[in-house]
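Next come the chains, spelled out residue by residue.
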Amino acid sequence: MRLRALGMWTNLLLSSVLMLAVWVLLVWVGSRPALKTLIDLSPQQRATIDQVTVDLLKDLPRQSIEVEFHLFFEPMGPEPQDAFQQQRARIMARLRELTEVLLRQYVFHGGESVTVENHAPFGDIARYREAAQRFGVTQGDVVVVAVKQSGRPPRHRTLSLEGDLGVVEVPEMRQRPTALPTPQVPVLKDFKGEEALSSALKSLLVQGTPTVYFFSGNSGNTNQMTSVVPDGYAQLTRLLDSMGLQCREVDLRNGVPKDASVVVVPEPQRQFTEGQVRVLHDYVAHGGRLVLNYSWSGNSDWNIGAGELGKLFGFEVGSRPVYHLIPDAHTPGSTPGLDGNPGVGKLDLVMNPNHPVTLRLARGMQNLQFDAARELVWTDPAPAGVRREPLLTTGPWGWLATRDGQGFPSYTAPRSQSEFKSRMLGAAFEVDGTPAADGKKQDGIVVVFTGVFCNNVGVGINADLAANVFNWLCERRVLLDIRGSSYVARYLKVQQQQFDRVFWFLVLAVPAAFLAGGLFVFWRRRSS
Amino acid sequence: MNGTLVTLKKELFSYCCSPVSYLIAVLFYLVRGFEVASIIAYFANYQIDQDLLPTSCHNLTSTQFMVILVPAILTMRCFAEERRTGSIETLMTAPVRDHGVVLGKWLAAVTFYALLWLPTVLLLWALTLSPFLDTDLAFGPVFASYLGMFLLSSMLMAFGCFASSLTDNLMLAAIVAVLFNLCLLFLPRLVRANLGVLAEQYYVAQLLDKFDVSTNFAQWFARGLIDTSQIWFFAGGTAFFLFLTVQSFGARRVA
Amino acid sequence: MISVRDLEKHFGATRAVAGITFDVTRGEVVGFLGPNGAGKTTTIRVLTCFHPATAGSAEVGGCDVRRQPVEVRRQIGYLPENVPLYPDLRVEEYLWYRAALKGVPRRQRRVHVERAMERAGVVEVRRKLVGHVSRGYRQRTGLADALVANPPILILDEPTSGLDPNQRRRIKQLVRELAQEHTILFSSHILAEVQDVSSRILVIHRGVLRADGTPSQLVASAGQRSLVVEARAAVDVLGQCLAAVPGVGRAMVEDLGLGVASFRAEVATGADPREAAAAAVAARGLQLRELRLQLPTLEEFFYAVTEGADRREELAAAGGDGDGGAAVAAVPEGAR
């Protein structure tokens, strides 16, 4: 009897263990990459990633590459007071959510090669600090894409949630607190998470280092890149080096080298020749990136205009320097006085909060300055196939200086109010690409600044701007051919009447219907 | 299979005639109505992207109630009541197989639970009509959540059937089932938080991942993503507990 | 149809059934008789495949209960002791469900259910909830359930427990009707019913089969028959008159008062002294009031094989230590 009971219990135990093993097996089999699928029913399929990204991710194990996505999201603070910040907070929340959902897909396809780590400052403090230090993260809401590959040093790329992954539109360029305009609420226009993340990933995986070519042929100094004098560019070279870019000189006689990620023309003082214009225009039209850094010189001969190149891209550079009034720092909200002051040549820059290059700087309220600059003016109408966007402007009290009796630009401000307005000092141009032999085309970018911003002196103040510019340009270089659908954010508009109906329907009608149903059933069952 | 269908029909009929079911429905939809209405108000006032609406409807108190308590309530009387009243004798002496009966009862509970949830989908659809919100909402996450809920509940109710088959005390069966639900929903996160370094170890992490049902739900199903590997997890778990139930139910014959 | 061989069922240390052997052939109505806790329900539960046997074997309709339980269950219509039903279903709904569960094909379900309801007599309460009908109707619903699939064998566990005399009579009548088409095994501890209805009786006590035979066979082996005569006469006159009647054994005469005496005597096995007694009384010129041959009751037999046997065993065990044979011989006849 005992034996039989024992036998029965053993049988039960064994079969239970077997069944458990079956469960484990089922789960394991189901997790194999070949058998896993992700069905995406999310709104607007924000989570479905392009085959290009899938291929990229599936290739990782083969190359023994480990990819880490580190999320540094701002913690939810107290509800901000003004509408602008409130809405911004909500947009950021939405972007965080979209990014997390997207990264889930990356994890899904990448399997064990991809990990996502969400660093919360109030979680594991030590870990957060260590990670923040490793990647040089100083502000929140960034995604760091880090790649570890055997035989190569670990590399990473930092992407901003607001600037790189999301497209947030702020109706007006926001200025410093003393400025006047009233803010309107920002709006989330698009989410380009996949493009940004995959491009960053691809650029990290790409063999070879991006190269920045300097064309100093038309500039004053010829040893720009290595020169350590105040107006040399050694500092910039070092900065670019630390970003993983190498700097070379180029002479445009043989065109632009194939491996050029960016071509920089620092402070041209002579007009481009026809050949050079053609070479540069060609380069841009085939997806090239060009930085034209004009400057102001005391020698008026060197204050050249934009010339042919300018006509092609749709801009012109004025010859007079731009000066700006200094508002009374002690009286907030004061309008600037009309008396001249020697310091007005230094221009505090107002940045476009919507453009990836300047967005973080704008939000972070950084103080960037040009020592001297000329005005950048757009031609009207814009050339076909060119999209223009301002990057930097002065404050609203900028004017164009006229020469005084000694031939120097006068610091005396003009009398007439109409002379004062916001003057553009930097812009970005997107040029439609012309199809290459294989039919593919890529848009080119031109960034124009009309004041020196990144020589050895300037880089000290404007390092972030320089870094942003080159970062942005180099990344776009390896933009993957991702056909992302545009993301449309929709908002509920509910009138009070509608809402009342909704409320009574949900709270009264539905439960009452169930109650009535229950009573009806109860009554029917009781009666025979 | 004959036994399954017959039992299924009879149990489903019993559920539909029982006042407790209607009580649950009224309570659930009342609380949920308040919550959904306030979510809609919040979305409208604060200009939040309406694609988030279906996802926000997931993490509500009413949902927690439905997931933690109701499966236990529905399954507590499956077998325990039969043992208590003695009708298990007529059941087990009828020419039906054990697994047929178990399957039928479990299916009835799951079907009824799905029916209890169905109006939430219909409600959301009704809200998109003209007298109400007059907009179109993204239903992808709604369907994904519904599927996830269905899978989760089938596993919870399989355990509930098992708990019910172990005792003749309804209350005890219900309490055991509720404890299981709570553990499944909250324990993995707790364990992960407290294990520290051990949680990094590959197999432990994988195990915790799979069992972390609430996180999986909130981050996958509620957002509209259906990961098929999770379906296997729920299916395997359901099969395991149903197997245990059949063994337990038929134990009387073997003992 | 049913054959049980050396069946044993233990619950832990308790031996509920300790080796019983019996057969039930087709068309028989077998009454399973025994005190409470004797092992009737346990035996029935083994036959219906609700409990497995600890040892021994049982076969129903040619199918072994251990190896072919589903076939066995298909042949049996079972009414358990407490008639457990589902209180939230109507009577007809319950029967529909049970018919479906027992595998009655859909097309024939209506016919089967109607017939079962008619035979069990629950047609008038068909639309009532099972929880709301009286005890008697519940019992009959259970019976209808047992009948609904028209099985060849009916096993009824205490079908009349808790019913009033009228209801009991009805059930007995029903069982008699059913006996014409089904083989019935039913258990009871009410002797009168078993005696009336069964063609054969099995007496079980403490898990052991104590008797197996037709009612008359059992009664015949039960105890003494008695001759009872009541006449208007003096006690000794009556005694003398009847003492000589052949077949009459030890007698006891009693004065009933008002000049009436009662004569009671044991009758030898096989003898029937009634006519001779009547003639003797007439010859003496006494006025006869009553003359009858009193058969031993099944109750006496029942007591004899159950508690009586227990007492004998106890005494035997006690007497075995002490005086020995003499004590055994001192057991009075009447206690047998």
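None of these values were measured; they are calculated from a predicted model. Starting from 1, residues in each chain are numbered consecutively following that chain's sequence as written. Lettering for chains starts from A, numbering for ligands starts from 1, and both go in the order in which the items are written. Note on the predicted model: pLDDT of at least 70 is required for a residue's local features to be given, and 80 or more for side-chain atom pairs to be given and counted; whole-chain, interface and lining totals, by contrast, use all residues.

Undergrad: An account of the overall build of chain B is requested, with residue identities and associated values reported.
TA: For helices the rule is a DSSP run of H or I covering at least 4 residues; for strands it is a run of E covering at least 2, with both sets numbered from the N terminus onward. Scanning chain B from terminus to terminus reveals 12 helices and 1 strand. In this setup the radius of gyration rests on C-alpha atoms only. A globule is expected at 2.2 Å times the number of residues raised to 0.38. Radius of gyration (C-alpha) of chain B: 20 Å, near the 18 Å computed for a compact globule of 255 residues. Three exposure classes are used. Buried residues have 20 or more other C-beta atoms within 10 Å of their own C-beta, exposed residues have 12 or fewer, and partly exposed residues fall in between, all C-beta atoms being placed from the backbone. Split into buried and exposed, the 255 residues of chain B put 51% on the buried side. We call two residues in contact when the distance between their C-beta atoms, placed using the backbone, is within 7 Å. Considering only residue pairs separated by 6 or more positions, chain B has 82% of its internal contacts joining residues 24 or more positions apart.

Undergrad: How would you summarise the overall build of chain C if you had to cite specific residues and measurements?
TA: Within chain C, the regular secondary structure consists of 12 helices and 14 strands. Taken along its principal axes, the extent of the C-alpha atoms in chain C is 75 × 55 × 35 Å. Out of the 336 residues belonging to chain C, those deemed buried represent 41%.

Undergrad: I'd like to hear about the nonpolar core, residue by residue, with values.
TA: By definition, a nonpolar core groups buried Ala, Val, Leu, Ile, Met, Phe, Trp, Tyr and Cys residues that connect through C-beta atoms lying within 7 Å of each other. In this structure, B:A177 and C:L95 are the most contacted members of the largest nonpolar core, which totals 163 residues. Among the elements that line this core, the one with the most residues is helix α8 (residues 140–166) of chain B, at 12 residues. Contact partners of B:A177, with chain neighbours within four places excluded, come to B:P71, B:A72, B:T75, B:M76, B:F159, B:G160 and B:A163.

Undergrad: Help me get a handle on the interface of chain A and chain B, residues and values and all.
TA: Listed by partner, the interface residues are 49 residues for chain A and 53 residues for chain B. Elements with a contribution of two residues or more to the side of chain A that touches chain B: α1 (2–31), β1 (38–40), α3 (83–110) and α12 (496–526) of chain A. Per element, the largest residue contribution to the side of chain A that touches chain B is 17 residues, and it comes from α12(A). By residue class, the composition of the side of chain A that touches chain B is 31 nonpolar, 10 polar and 8 charged. If DSSP finds at least two bridges between two strands, the strands pair. Relative to strand β1 (residues 225–227) of chain B, β1(A) runs antiparallel, the two being bridged by 3 bridges. What sits directly across from A:L38, in β1(B), is B:D227. All residues other than Ala, Val, Leu, Ile, Met, Phe, Trp, Tyr, Cys, Pro, Asp, Glu, Lys and Arg, Gly among them, are scored as polar; the first ten of these are nonpolar and the last four charged.

Undergrad: Tell me about the sheet that holds strand β8 (residues 211–214) of chain A, and please be specific about residues and values.
TA: All names here are of chain A. Here we have 8 strands laid out as an open sheet, ordered β9-β8-β10-β11-β20-β19-β17-β14, and mixed in their pairing. Among the strands making up the open sheet, the edge pair consists of β9 (246–249) and β14 (350–351). Pairing of β8 with β9 involves 4 bridges; the strand directions are parallel. What sits directly across from T211, in β9, is Q246.

Undergrad: I'd like a rundown of unusual backbone geometry, residues and numbers included.
TA: For the peptide bond that leads from A:D380 to A:P381, omega is 5°, which places it in the cis range. The residue A:P381 is located in the loop between β16 (374–378) and β17 (386–393) in this model.

Undergrad: Explain the packing of helix α3 (residues 91–101) of chain C against helix α4 (residues 106–120) of chain C to me, using residue names and the numbers behind them.
TA: Think of two packed helices as two axes; the pair is described by the angle between the axes and how far apart they sit. Residues and elements named next belong to chain C. Contact pair α3 / α4: the axes reach a minimum separation of 10 Å and the direction vectors enclose 125°. Compared by their axis directions, α3 and α4 come out oblique. In the crossing of α3 with α4, the sense of the turn from one axis to the other is right-handed. Counted together, E92, L95, W96, A99 and A100 of α3 and R109, H112, V113, A116 and M117 of α4 form the full contact between these two elements. Of the residues in the contact of α3 with α4, the class split is 7 nonpolar, 1 polar and 2 charged. For helices, the fitted axis covers only the stretch in contact; all axes are lines through C-alpha atoms, and the angles between them, taken along N-to-C directions, range from 0 to 180 degrees. Here is the rule for angles: anything less than 35 degrees is roughly parallel, anything more than 145 is roughly antiparallel, 65 through 115 is roughly perpendicular, and the remaining ranges are oblique. Crossing chirality is assigned from the near helix's rotation relative to the far helix, an anticlockwise turn below a right angle marking it left-handed and a clockwise turn marking it right-handed.

Undergrad: Please set out helix α8 (residues 274–285) of chain A residue by residue, giving values where relevant.
TA: Residues and elements named next belong to chain A. The span expected for a helix works out to 1.5 Å for each residue beyond the first. With 12 residues, α8 extends 16 Å between its outermost C-alpha atoms, agreeing within 8% with the 16 Å of an ideal straight helix rising 1.5 Å per residue. Those residues of α8 that fall on the buried side of the exposure criterion are Q276, V279, L280, H281, Y283, V284 and A285. Those residues of α8 that are buried lie in contact with β10 (260–266), β11 (289–293), α9 (307–313), β19 (424–431) and β20 (444–449). Looking one or two residues beyond α8, the residue adopting positive phi is G287, at roughly 90°.

Undergrad: Residue-level account of α3(A), with values.
TA: Taking 1.5 Å as the rise per residue, α3(A) with 28 residues should run 40 Å; its terminal C-alpha atoms sit 40 Å apart, in good agreement. Of the residues one or two after α3(A), A:G111 is the one with positive phi, at around 65°.

Undergrad: Can you explain the environment of B:T238? Please cite residues and give values.
TA: Residues and elements named next belong to chain B. Tracing the backbone shows T238 in helix α12 (residues 228–254). C-alpha of T238 to C-alpha of P71: the two residues are 167 residues apart in sequence and 13 Å apart in space. With sequence-adjacent residues up to four places away left out, T238 is seen in contact with S154, M155 and A158.

Undergrad: For the sheet that holds strand β2 (residues 65–72) of chain A, give the residues involved together with the corresponding values.
TA: Residues and elements named next belong to chain A. Taken in spatial order, the 4 strands of this open sheet run β3-β2-β4-β5, and their pairing is mixed. Pairing within the sheet leaves two strands with one partner each, and these edge strands are β3 (114–119) and β5 (155–160). Averaged over all neighbouring strand pairs, the angle between strand axes comes to 20°, with direction disregarded. In the sheet, β2 pairs with β3 via 6 bridges, with the strands oriented parallel. The residue of β3 that forms the bridge with H70 is E117. With respect to the sheet, α3 is in contact with β2, β3 and β4 (142–149), its orientation differing from that of β3 by roughly 150°.

Undergrad: Go over the pairing of β19(A) with me, naming the residues and quoting the values.
TA: Residue and element names in this part refer to chain A. Most of β19 is tucked away: 7 of the 8 residues are buried. Strand direction decides the pairing type here: β17 and β19, joined by 7 bridges, are antiparallel. From the neighbouring strand, P390 faces β19, where its bridge partner is A427. Pairing geometry for β19 and β20, over 6 bridges, is antiparallel. Paired with G426 across the two strands is F449, which belongs to β20.

Undergrad: How would you sum up the domain arrangement of chain C? Please name residues and give values.
TA: Either an automatic procedure or a domain database provided the assignment from which the domain bounds are taken. If you check the domain split of chain C, you get domain 1 (2–220), domain 2 (225–294) and domain 3 (298–335). Here domain 1 of chain C and domain 2 of chain C have C-alpha centroids that lie 45 Å from each other.

Undergrad: Explain the environment of C:L242 to me, using residue names and the numbers behind them.
TA: Residue and element names in this part refer to chain C. Within the element layout of this structure, L242 appears in helix α9 (residues 235–243). Once the C-alpha coordinates of L242 and E8 are considered, the two residues, 234 residues apart in sequence, prove to be 52 Å apart. Once you skip the residues sitting within four places of it in the chain, L242 turns out to touch V229, V248, F263, A265, A277 and A280.

Undergrad: Can you tell me about the confidence of the model for chain C, naming the residues and giving the values?
TA: Residues and elements named next belong to chain C. The pLDDT value expresses, per residue, how confident the predictor is, ranging between 0 and 100. Confidence in the prediction of chain C, expressed as mean pLDDT, is 85, and 94% of residues score 70 or more. Taken element by element, the predicted model of chain C shows its lowest mean pLDDT in helix α12 (residues 325–329) (39) and its highest in α3 (94). Considering only residues more than four positions removed or in separate chains, one finds that residues 322–336, a stretch of pLDDT under 50, has 10 contacts. Here the complex is predicted with pTM 0.72, and the ipTM for its interfaces comes to 0.88.

Undergrad: Hey, could you go over the pairing of β8(A) for me, with residue numbers and the actual values?
TA: For β8(A) and β10(A), the ladder comprises 4 bridges, and the chain directions are parallel. Bridge pairing in β10(A) links A:Y213 to A:V263.

Undergrad: Hey, could you go over the environment of B:L103 for me, with residue numbers and the actual values?
TA: Residue and element names in this part refer to chain B. Tracing the chain through its elements places L103 in helix α7 (residues 98–127). Among the residues examined, L103 registers 21 C-beta atoms within 10 Å and is labelled buried. Between the C-alpha atom of L103 and that of D49, which follows or precedes it by 54 residues, the distance is 43 Å.

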